[in-house]
Amino acid sequence: MSAATKSAPKPAPKSASKKTATPAPAPKPTAAANGIHPGSLLSITQLSLDEVSSILALADKLANEPLSKHAELLDNRKIALLFYESSTRTRTSFELAAKSLGAMTTLVSDKSSSIEKGESLKDTGLTLRALGAECIILRHNASGSPYLLAQQTGLPVLNAGDGMHEHPSQALLDLRTILSRLGKKQAVDEKTLDGVTICITGDILHSRVARSNALLLPRLGAKVILCGPSQLLPPEAVQLSTGITLERDFDAALKQSQVVMMLRIQKERLAGLQIDLADYQRQFQLNDERYAAYAPNALVMHPGPMIRGLEITADIADGPQSAIEEQVSNGLAIRMALLARALTGGAA
Amino acid sequence: MKTILIKGGHLIDPPSRTDRPRDLLIRDNRIVELGDPGKLSAAAKKEGAEVIDASGLIVAPGLVDIHVHLREPGQGHKETIESGTKAAAMGGFTALCCMPNTSPVNDSPEVTRWMLSPERKAHIRVFPVAAATRGSMGDTITEYGSLKAAGAVGFSDDGKPVLQDAVMHQALIAAARAGVPMIQHAENTKITVGASMNAGARAFRLGLRGMSIEAESGIVERDIRLVRELTTGGKGPRPHLHVQHVSTAKAMEAIRQAKRAGLHVTCEVAPHHFMLTDEAVEGYNTHAKMNPPLRSEEDRAAMVTALLDGTADCIATDHAPHAVHEKEQEFEKAPNGITGIETSLSLSIKMLHHQHRMPLLRLMHLMSTAPAHIMGLRGRGTLAPEAFADVVLFDPKSTWTFDARKSPSKSRNTPFDGQTLPGVVKMTISEGRVVYKS
Ligand SMILES: [Zn+2]
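As a convention, each chain's residues are numbered from 1 in the sequence order in which they are written. For this description, chains carry letters from A and ligands carry numbers from 1, given in the order in which they are written. Predicted model: local features are reported for residues with pLDDT of at least 70 only, side-chain atom pairs are reported and counted for 80 or more only, and whole-chain, interface and lining totals are derived from all residues. The basis for every side-chain value is the complete set of non-hydrogen atoms in the structure, without hydrogens or water.

(A) Spatial organisation of the environment of R177(B). Residue and element names in this part refer to chain B. Secondary structure elements are taken from DSSP: a helix is a run of H or I of four residues or more, a strand is a run of E of two residues or more, and numbering for both begins at the N terminus. The topology assignment puts R177 in helix α5 (residues 165-178). Only protein chains enter the accessibility calculation, which uses a 1.4 Å probe; a residue whose area is less than 20% of its type maximum is buried, one above 50% is exposed, and one in between is partly exposed. Since its relative accessible area comes to 64%, R177 is described here as exposed. Linking R177 and E221, residues 44 residues apart in sequence, is a C-alpha distance of 23 Å.

This is the structure we're talking about:
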């Protein structure tokens, strides 16, 4: 975990403008973090840029070589997918990644009733370990749950989305997508994304994808604009990292951006909030008209699942500037690399 | 008749401002006499007194913690009155006030008396705080008169604060009539639903719902307003509001103003709130999950300032034991609270005496005299002749390493485990009985 300190975002300059307050101090490895397997990926902040580069390089290698070359890399290794929340996309992506490296997978989900009623996360983890699981991929509705699982089992744990916290593999696959579409090298450093502005729009408050991306991209030199209504984007979001600004006006944000990342509006989470969907659509939907007027060449991304017609229109989602499908295929490559890293230390 | 002579120590007694070498004579459960070094030896010898050599040690009134959770009745797996008081004795305490959030809630004289019965095997004195409302549900105030007669020394719904203005108004009046404080855990629980740490940038990054500063200060301001109304307009006895574990600069400032206005408002600060900030939550460390939550550095510093300038009246731990498996859960699911009676003295010495040069006389005031006074515990918090022979002997200069597994407490949920701290308790005497000796 020493990488966490090394790769911590630098503190904001003293002369920070109004919109860039000093970020909260970066996470320090705590005593509680001891015993976490180095192959784990719990938060994107734990990776140094060198580690990011090597994960990207490994993903590249695995994606470009014929399946037969690496089909036995994780021969008979046992990987458990522990999914307390359903997610077709992430689950399938991890599962296919594991299988294409030759690993055995087992899915334990709330739907499959394998998660015993009332059994603690710790005990479920220990049970999986006792059954031979060598790595656990966890999706859970509680922020931080992968930390608990990693501490208690000592196994490599891959965070496949925890509560409102993070989705680090998504940030890596998004990065791979951005780099390839912008024609950048896969070996990244603090300057790789200099001059690139990325706008993330939508329900930032509840989005682990937004957090992981906002914590990663500025470290490569990108400027990140977070955009959304105040109910979904509270002011403290600006302190996630340096290089972040908040913008309530989507058009103004688009005008500056080379990449626009749209987030799903999670209708189920709007219950307590005062959000008028029609008004939201008017202000924040990425549609043809807005795209043509303000960012006619921007790369369009969406972590999915999308609601066509709500946060994004079909013609934009399916248009030539959309990288949405590519994000999905990059997901497979990144997750193969993360599994190889978890189980072999990256010796692929 | 049993007599003890404690000789050769450096005696600190805040009420008499004694801060010099003095010997101390105890007979049975009372303090008999203080004297210059050597002066009491002849009398002690005549009585066949047991002699305790306190050379190099501070001799002070036993510490008083007015905010602990002893978990009995109902949750003996976390703590019992026996185990909690044993751990407290190890920490130098001779009196504890225990909160009513037991199972059942201490809202009746029967539960209060049960807690006080000798079968509980308390090692030191326990003074129950009874529930302010029935079942701590916040609707109907309990019978303060009969609860006080049974042994209750104050009223509080602790973790379930009294939110309704009218009920709080009634509670302040009833407590004033009973001559005891109305004690409030200041939190507007209507706006902290689902919150598990301090609100702000860190909570946002960790994806945890945060408790705002205003959730605390809003209730403190409301309570002060009620006290003011009753004090200036009321005909009845003067109400006494005691605010538990203040954690925010804003609430502390409201208390400062209330004191300036001459209102009877007191408050306590917990060691974790002057030692730690919400940085300790990183890694989803459930040993840093408590309520009120660990706050910002600015708030932490404000707690120290308040202890130094007298706005904060005393130190209390909010000792909140939980079983290991309860804390080994998802952060938002894990229960709030940490244990505290073992480390309170050492942490206070470290932060206030060492880092901020607070004299030990003042520290003993905050940890013994003042809390005893707030809760009306007569004959405690002092070494004056005829006071209870509650005495702590400690070495402020040497250090020890806290090993939570070795604590007599049944729980070990503390962020201070393994830390080397200054201030070693050598002996605790409760009403003339040696209850702890290292
Ligand atoms: Zn409490």
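Having seen the model, we can carry on.
(B) Focus on helix α8 (residues 208-216) of chain A. Among the nine residues that make up α8(A), nine are buried, leaving the element largely enclosed by the rest of the structure. Those residues of α8(A) lying buried are R208(A), V209(A), A210(A), R211(A), S212(A), N213(A), A214(A), L215(A) and L216(A).

(C) Main features of the nonpolar core. Among the nonpolar cores identified, the biggest contains 115 residues, and L82(A), F155(B), M182(B) and F274(B) are the most heavily contacted of them. Take this core: its biggest share by element is seven residues, from α5(B). By definition in these notes, contact holds between two residues if any of their heavy atoms fall within 4.5 Å. Aside from chain neighbours lying at most four places away, what touches L82(A) is V108(A), I115(A), L121(A), T124(A), L128(A), I136(A), I137(A), L138(A), R139(A) and L149(A). The next biggest cluster of nonpolar side chains, apart from the first, holds 68 residues, and it includes L158(A), V196(A), L338(A) and F204(B). The definition of a nonpolar core used throughout is a set of buried Ala, Val, Leu, Ile, Met, Phe, Trp, Tyr and Cys residues joined through side-chain atoms within 4.5 Å.

(D) Broad picture of the sheet that holds strand β7 (residues 244-247) of chain A. All names here are of chain A. The five strands lie next to each other as β7-β6-β5-β8-β9, forming an open sheet whose pairing is parallel. Of all strands in the sheet, those bounded by a partner on one side alone are β7 and β9 (299-301). The mean inter-strand angle of the sheet, taken between neighbouring strand axes irrespective of direction, is 20 degrees. The sheet contact formed by strand β5 (residues 197-201) and strand β8 (residues 259-262) spans four bridges and is parallel. Paired with T201 across the strands is M262, a residue of β8. Interaxial angle, 0 to 180 degrees, is taken between N-to-C directions of lines fitted to C-alpha atoms, where a helix line uses only the stretch in contact. Relative to β9, helix α7 (residues 168-181) is tilted by about 165 degrees, and along the sheet it contacts β5, β8 and β9. Whether two strands pair comes down to DSSP finding at least two bridges between them.

(E) The pattern of salt bridges, seen in detail. All names here are of chain B. Any carboxyl oxygen of Asp or Glu that lies within 4 Å of a side-chain nitrogen of Lys or Arg is treated as forming a salt bridge with it. With the rule as written, the count across this model stands at 38 salt bridges over all chains. Of the charged contacts in the structure, one is a salt bridge between R222 and D165, with a shortest N-O distance of 2.9 Å. A residue pair is termed long-range when its members are at least 10 positions apart, and R222 in helix α7 (residues 213-233) and D165 in helix α5 qualify at 57 residues. Overall, the relative accessible area of 8% leaves R222 in the buried class. In this structure, E253 and R256 form a salt bridge, with 2.7 Å as the shortest nitrogen-oxygen distance. Highlighted residues: E253 and R256, both in helix α8 (residues 249-260), separated by three residues, approximately one helical turn. One salt-bridge network, in which partners are shared between bridges, spans D165, R222, D223, R225 and E229.

(F) Layout of the interface of chain A and chain B. On the chain B side, the residues contacting the 30 residues of chain A number 18 residues. Simply put, the buried area is the total loss of 1.4 Å probe accessible area from both parts when two parts are fitted together. Across the chain A/chain B interface, buried area totals approximately 2,100 Å², and carbon plus sulfur atoms make up 61% of it. Our enumeration of links across chain A and chain B arrives at one salt bridge. Measuring nitrogen to oxygen at the nearest pair gives 2.7 Å for the salt bridge that ties E328(B) to K122(A).

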